[in-house]
Structures are given as C-alpha cells and as structure tokens.
Amino acid sequence: MGWLARWNGTCPVCKQRITQWLDMIVYRNSADPTRKREYVHVSCATPAERSTPTPEPPEIPAGDFPASSPRQEEIEAMEKSDNLASLIADVVVPKVLAALPKGPDQKVIDAMVAEAVSKLERPVVVEFKREGHEPVKVAGQHKQFEDLAYHMASKWPVYVLGPHGSGKSEAAKLIAKTLNFGFGYCLVSPFTTESKFFGCMTLQGEVTKPDFRKCWENGGVFLADEFDNALPSLQVAIMSAIGSRDVCSFPDGTIPCHENFTFVATGNCNSWAPDPAYPGRHPFDRAFASRFKFIEWTYDNGFELDLARARWTERPLDVLSIVAWAQTVRDWAKINLPRFVPCPRETFKVVEDLAQNRPISKVLRECFFTGLPEEQGAKVLAAHPFPTLRGA
C-alpha cells in the first residue's frame with residue numbers, strides 16, 4: 001500500500017529525496033521523539049509496512065516538519081537546486097494546488113499535473129540578425145544555446161566542453177543552418193591524420209579538399225567533433241592555423257582565411273587530465289587552449305524533458321516519471337559508477353521503446369544499461385527502482 005507523496009522530503013532509509021507528486025511512500029512511527037512519524041519510499045519499507053493499509057493524509061501532519069529542524073533546512077536547500085524535481089515543484093505544483101478542489105482523487109491530480117506540465121514553455125529564445133536578412137528566431141533550445149551562438153558569430157574559435165549526449169554538436173549544426181552558413185564536419189579519433197583536415201596530393205597529382213579546406217577557403221562553420229581524441233601532432237597543426245586566422249598552408253599552396261570561417265571543436269574532457277568516464281582522451285596544453293573561447297556545456301534537464309515528451313505525447317505523466325528517474329540515476333552514477341553516466345540519448349531510447357509496449361526489463365537492458373554488467377545494473381535498480389508506470 002502507500003500513496004503519492006504530496007510534499008518533498010528525504011527518505012530516512014535510503015537517504016534519497018522524496019519528490020512531491022512522483023514518489024510512492026508509506027509512513028511509520030518515528031524513532032525521533034520530536035516527530036510523530038516518518039515517511040519512507042515504498043521500495044524502502046519492510047514487507048509488513050507495505051502490506052499494512054495506510055490512509056492518505058489530506059495534508060502534512062502538524063509538527064512533522066518543525067520550522068527550525070535540520071530536515072526542513074535540507075528540504076529548502078534541495079528545492080533551490082537546479083534539477084527537474086525543483087522545476088516541477090516551483091512551476092507545476094503551485095498551479096495544481098491553487099486549483100485543486102477539496103479532497104480530490106488521484107485521477108484529478110494526475111490530469112491537472114499533466115495539463116500544467118504540457119503548458120511549460122522553454123525560456124530560451126534566440127533571435128539571429130544578419131545585415132540584409134530577415135531576423136530569425138529559434139525557440140525551445142538548450143539553456144546554453146545562446147552562448148554558443150554568440151561566440152560562433154564572433155568568428156573566434158570555440159571549444160564546447162561537456163558530457164556525451166548533451167547536444168553540443170547538434171546545437172552547432174543548427175546555428176550554422178540558421179545563419180545559412182556552409183558547414184563542414186570531421187569526427188576525430190586517435191587515428192585521424194592531418195590529411196583529414198588539410199588534404200593531400202594524390203599519385204595522379206590531384207589535391208584533395210576536405211571540409212576544413214572548403215570552409216577555410218570559402219567560408220562556413222567547421223565542426224571538429226570529439227576533438228579531445230586528437231593526438232598532439234594534430235593539435236599543433238590545427239593550432240597553427242586557427243590561432244592566426246590569417247593564412248594556412250595546404251598541399252597546393254598558402255591560402256588566406258575567409259572572413260566567415262568559424263572553427264568549433266567539441267570534447268568531453270578538460271585540458272588537465274583524462275576523465276574516469278572517458279579513458280583514452282588526450283589532454284592539451286595551455287598554448288593550445290589559449291586559441292579558443294571555452295563553453296562548459298552541461299546537461300539541461302528541462303530540455304531533456306521537452307524532447308522526451310515529444311516522443312510519447314500520449315503518456316505525459318509516465319514520461320515525467322521516466323525522465324526524473326533517469327536524471328536521478330545520472331546524478332547517483334557520477335559518484336558511484338563514474339564509468340556509467342547515462343545521457344539523454346538513453347532516456348529517449350527508453351521512452352521510445354516503452355511507447356511501443358515493450359517489456360520494461362528488456363528496454364532497460366537494451367536501451368539504458370548498455371554495456372553495463374548485469375550485476376551493476378542490478379546495483380543501480382537497487383538504489384533507484386524504476387518507477388511504476390500509471391498509463392497516464
């Protein structure tokens with residue numbers, strides 16, 4: 001038994017957050033003499049506690065959260081954090097509570113939460129203005145989309161540093177397309193040579209012209225994806241060209257840089273040392289770093305929710321639960337399983353497959369715990385059980 005939490009708190013068993021309108025909870029007598037009872041996740045309760053019928057309280061029992069208690073201070077601190085749960089608490093729940101009739105049933109609550117969530121709009125709206133062109137507005141993007149657009153427009157080389165699956169490359173492509181710039185691309189690996197950027201002279205005496213050469217000569221955005229894979233020799237060659245933005249040596253001669261050339265690199269690691277989640281990446285020195293403007297790109301929880309909702313429009317509450325669970329697992333994995341940090345791509349795969357009525361166990365194994373040993377996947381689920389889907 002149990003009920004849907006109507007306030008935020010912390011489970012005393014697993015020490016994880018109890019999220020309002022998302023987690024199922026039960027109550028039991030508290031060992032703390034200052035409190036009558038305490039609330040725990042259903043998954044953390046004993047079999048006896050789960051099997052005992054528990055009436056839903058209409059409101060927070062008086063005295064359960066003393067104004068000066070450390071527990072209340074912890075709740076207030078969590079509610080100020082930048083995550084999906086606080087987004088819901090700050091924006092959605094007040095609207096629901098203001099309109100709730102006295103003693104509503106769960107279906108009424110679910111319907112009102114779903115309606116409020118569906119009306120949330122992304123605040124990021126970027127307007128692109130170019131001389132001789134009509135202004136173009138792009139809405140509903142990553143929270144750092146505007147920063148990237150600004151630096152790309154300045155023509156200064158940009159290094160976008162952030163975790164995998166956070167939308168770095170897609171944002172750069174969209175900005176280039178919106179500005180109607182030419183676009184070139186190279187996925188960098190440890191085996192990428194200088195010829196992939198600068199070209200080479202064939203045995204027939206012809207000069208190859210890769211995307212970097214075309215963008216340098218004719219203008220456009222060139223994206224070097226996963227550039228922290230580049231070996232030092234390639235880093236030095238690129239540094240020499242983009243540092244001056246003047247001329248560059250190619251197999252058939254020296255060519256001046258086009259005024260609309262923009263170089264964008266993406267990577268997962270900073271310049272100091274490889275990250276445990278990305279072994280094998282190559283750090284770079286300060287001489288190389290000084291050639292770039294750096295953007296520390298992060299996961300955008302609200303943006304992830306928007307994209308997930310578009311993949312399963314019929315079940316907004318279930319999508320909300322799945323995304324909140326995935327983001328909680330991500331934060332937990334950063335500390336407990338740094339080699340396994342699920343990104344929004346895993347979230348989207350789970351949502352899309354569940355929308356096709358595939359079994360949850362198969363979906364998690366095939367779409368979320370990809371490449372993770374089975375015992376590690378069980379460890380994740382023991383810490384954070386997958387939410388019960390309610391079909392709404």
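A brief report on the enclosed structure follows.

Cut-off values and rules
- Residues numbered from 1 in each chain as written.
- Predicted model: local features only at pLDDT ≥ 70, side-chain atom pairs only at ≥ 80, totals over all residues.
- Heavy atoms only, no water.
- Pairing = 2+ DSSP bridges.
- Helix = DSSP H or I, 4+ residues; strand = E, 2+ residues; numbered from the N terminus.
- Axes fitted to C-alpha atoms, helices over the stretch in contact; angles between N-to-C directions.
- 1 Å grid on protein atoms, 1.4 Å probe; cavity = no way out; pocket = protein on both sides within 12 Å on 5 of 7 lines; lining within 4 Å.
- Points joined across faces, edges and corners; volume = space filled by probe spheres on them.
- Buried < 20%, exposed > 50% of the residue type's maximum accessible area, 1.4 Å probe, protein only.
- Phe/Tyr/Trp six-rings, centres within 6.5 Å; stacked < 30°, edge-to-face > 60°.
- Parallel < 35°, antiparallel > 145°, perpendicular 65-115°, else oblique.
- Left-handed = near helix turned anticlockwise from the far one by under 90°.
- Contact = heavy atoms within 4.5 Å.
- Nonpolar A, V, L, I, M, F, W, Y, C, P; charged D, E, K, R; others polar.
- Arc of directions from axis to C-beta.

Spatial strand order, β9-β10-β13-β8-β14: 5 strands in an open sheet with parallel pairing. Strands with a single pairing partner mark the edges of an open sheet, and in this sheet they are β9 (183–187) and β14 (293–296). Across the sheet, the mean angle from the axis of one strand to that of its neighbour is 20°, orientation sign disregarded. One ladder, built from 4 bridges, connects strand β8 (residues 158–161) with β14; its direction is parallel. When the sheet's bridge partners are listed, Y159 is paired in β14 with F294.

Turning next to the layout of surface pockets. A water-sized probe, rolled over the atoms, reveals where empty space remains. By volume, the second largest pocket is sized at about 490 Å³. G165, S166, G167, K168 and E170 are the residues nearest the centre of the second largest pocket, which is lined by 26 residues in total. Elements that contribute at least two residues to the lining of the second largest pocket include exactly α6 (168–178), α11 (301–309) and α13 (344–354). With 6 residues, the single largest contributor to the lining of the second largest pocket is α6.

Despite not being glycine, K155 has its phi angle at roughly 70°, a positive value. Within the secondary structure, K155 is located in the loop between α5 (145–153) and β8. In this structure, N357 is a non-glycine residue whose phi angle is positive, near 65°. We classify N357 as exposed; its relative accessible area is 68%.

In this section: the packing of aromatic side chains. Counted under the stated rule, the structure contains 26 aromatic pairs. Ring centres of F212 and F222 lie 5.4 Å apart, and the angle between their planes is 85°; this geometry places the pair in the edge-to-face category. Placement of F212 in helix α8 (residues 211–218) and of F222 in strand β10 (residues 220–225) is noted, with a sequence separation of 10 residues between them. Both residues of the pair, F212 and F222, belong to the buried class. Their ring planes at 25° and their centres at 5.9 Å tell us that F222 and F263 sit as a pair that is stacked. With F222 in strand β10 and F263 in strand β13 (residues 261–267), this pair connects stretches of sequence that are 41 residues apart. You can call F222 buried: its relative accessible area is 1%.

α13 packs onto α11 with a crossing angle of 25° between their chain directions and a minimal axis gap of 10 Å. The angle between α11 and α13 falls in the class roughly parallel. Of the two elements, α11 crosses α13, and the hand of that crossing is right-handed. On α13, the residues that touch E304, L307 and A308 of α11 are P344, T347, F348 and V351. Considered class by class, the residues forming the contact of α11 with α13 number 5 nonpolar, 1 polar and 1 charged.

Attention shifts here to helix α14 (residues 360–368). Three- or four-residue spacings in an α-helix give side chains the same orientation, since the helix completes a turn every 3.6 residues. Every buried residue of α14 is accounted for by V363, L364, C367 and F368. Projected down its long axis, α14 carries its buried residues within an arc of 100°, all on one side. Buried residues in α14 make contact with α12 (316–336), α13 and α15 (374–383).

With respect to the secondary-structure elements, Q235 resides in helix α9 (residues 232–244). Taking relative accessible area as the criterion, Q235 reaches 6% and is therefore assigned buried. Excluding residues within four positions of it along the chain, Q235 makes contact with F227, A230, H282, P283, F284 and F288.

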